[in-house]
Amino acid sequence: MAVVIGVRFKDVGRVYYFDPLDFKLQKGQKVIVETVRGVECGTVAQENKEVSDEELVKPLKPIIRPATEKDEKQLIINAEKEKKAFEICEQKIAARNLDMHLVGAEYTFDCAKLLFFYTAPNRVDFRELVKDLASVFRVRIELRQIGVRDEAKMLGGLGICGRPFCCKEFLSDFQPVSIRMAKEQGLSLNPVKLSGTCGRLMCCLKYEQASYEHLLKITPKVGALVETSEGKGTVVDNNLLTGILKVRLDRRPDAAPLVVHRKDCKLLRDGQIKLDKSELEALKGIE
């Protein structure tokens, strides 16, 4: 067992463990630590606590110190410098006519390194751009390509629900989202309705998936053969949330489907949820 604190470097980001030494730190307090990127200022997300050795990535680095008033002022200075660095980098990109979109610029706390984040449809040869930037800023330059989901997380915005992006508000890590989830939840497989601002499947599809998986186990699927009080039939429609089924009876195939609750019928042979090629083609590229 070891005593650690959890430190977060973004408002919504992963929590990293550090050795608090003899300091008793409070949640929300800023601390100066050394990371693989360099010296950084982070916020205590988890106060001093004991964790097992299996949960740690060793060696566990100690904090350098709790942030001082001077450190807080340095963060403000860094933020201003980052804005100017962003503008200059955009100018350099335009001058080099590079096919890349600049997303953000970040200094390490000690200003020993300047990182630029960008998106691009293809691989970019930015060696000359790095030289241009190094000659201006006189620090170590690093350009890092990120995905569209990471871009949305960095920039933020409003989703189609009218609320701020989940990735910006509370998702510390992206969860895998698949087209099958949308199919299993009975959603219209329309790319416009299923994709977020980033152009990928909406993260919120993941939230209720466990509930839908449970409902799918207890609800006959479309195409299932069931026994009802009025005879055998095939399920032609179902509502997973209410449990209401529409069953076309074998003895009355031309009549209106029988409306019955899943509890009032017996499953004889379940149906299957399939994605056909046309659906996969229509949603290609948004997973």
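Residues numbered from 1 in each chain as written. Predicted model: local features only at pLDDT ≥ 70, side-chain atom pairs only at ≥ 80, totals over all residues. Heavy atoms only, no water.

K.L.:
Could you give me a rundown of the nonpolar core, with the residues and numbers involved?
P.N.:
M100, L114, F116, L133, F137, I141 and L143 are the most contacted members of the largest nonpolar core, which totals 19 residues. Residue assignment for this core shows that the elements contributing at least two residues are α1 (69–96), β6 (101–107), β7 (113–119), α2 (127–137) and β8 (140–145). Those residues in contact with F137 that sit more than four places away from it in its chain are A85, I88, Y107, L114 and F116. Membership of the second largest hydrophobic core comes to 10 residues, among which are V177, A182, L205 and I286. (Core = buried A, V, L, I, M, F, W, Y, C linked by side-chain atoms within 4.5 Å. Buried < 20%, exposed > 50% of the residue type's maximum accessible area, 1.4 Å probe, protein only. Helix = DSSP H or I, 4+ residues; strand = E, 2+ residues; numbered from the N terminus. Contact = heavy atoms within 4.5 Å.)

K.L.:
Account for the sheet that holds strand β5 (residues 63–66), with residues named and values stated.
P.N.:
Read from one edge of the open sheet, 5 strands run β2-β1-β4-β3-β5, paired in antiparallel fashion. Edge positions in the sheet fall to β2 (15–18) and β5, since each has one partner strand and no second. Adjacent strand axes in the sheet meet at a mean angle of 45 degrees, parallel and antiparallel pairs treated alike. Both strand β3 (residues 30–35) and β5 contribute to a ladder of 3 bridges, which runs antiparallel. Its bridge partner being in β5, V31 is matched across the sheet by P66. Relative to the sheet, α1 contacts β3, β4 (38–51) and β5, its axis offset from that of β3 by approximately 70 degrees. (Pairing = 2+ DSSP bridges. Axes fitted to C-alpha atoms, helices over the stretch in contact; angles between N-to-C directions.)

K.L.:
An account of the pairing of strand β10 (residues 231–238) is needed here, citing residue identities and associated values.
P.N.:
Summarising the sheet, strand β9 (residues 225–228) and β10 pair through 4 bridges and their orientation is antiparallel. Paired with E227 across the two strands is K232, which belongs to β10. The turn joining β9 and β10, which pair antiparallel and follow one another in sequence, is formed by 2 residues. Pairing analysis gives 5 bridges linking β10 to strand β11 (residues 244–249), with the strands arranged antiparallel. By the bridge assignment, D237 is partnered in β11 with K246. Here β10 folds back onto β11 in antiparallel fashion, the turn holding 5 residues, of which G243 has a positive phi close to 85 degrees.

K.L.:
A description of the pattern of salt bridges should follow, citing residues and the corresponding values.
P.N.:
What the rule picks out here adds up to 14 salt bridges. The shortest N-O distance in the salt bridge between R127 and D125 comes to 2.8 Å. A residue is classified by how much of its surface remains accessible, and D125, at 48% relative accessible area, is partly exposed. Here R180 makes a salt bridge to E184, at a shortest N to O gap of 4.0 Å. Within this pair, R180 and its partner E184 are both found in helix α5 (residues 179–184), separated by 4 residues, close to a single helical turn. Looking at R180, the relative accessible area reads 36%, which means it is partly exposed. The exposure class assigned to E184 is buried, which follows from its relative accessible area of 15%. (Salt bridge = Lys/Arg side-chain N within 4 Å of Asp/Glu carboxyl O.)

K.L.:
Give a description of the packing of aromatic side chains that names residues and reports values.
P.N.:
Following the criterion strictly, the structure yields 5 aromatic pairs and no others. A ring pair is formed by F9 and Y16, whose centres lie 6.0 Å apart and whose planes are at 50 degrees; its orientation type is tilted. Overall, the relative accessible area of 29% leaves F9 in the partly exposed class. Overall, Y16 belongs to the partly exposed group, its relative accessible area being 38%. For the ring pair F9 and F18, a centre distance of 6.3 Å and an interplane angle of 80 degrees mean the geometry is edge-to-face. The buried category is assigned to F18, whose relative accessible area is 6%. Looking at K81, its charged tip hangs above the ring of Y107, at a distance of 4.7 Å from the centre. Here the guanidinium or amino end of K153 rests over the ring plane of F174, the centre of that ring lying 5.9 Å away. (Phe/Tyr/Trp six-rings, centres within 6.5 Å; stacked < 30°, edge-to-face > 60°. Lys NZ or Arg CZ within 6 Å of the ring centre and 35° of its normal.)

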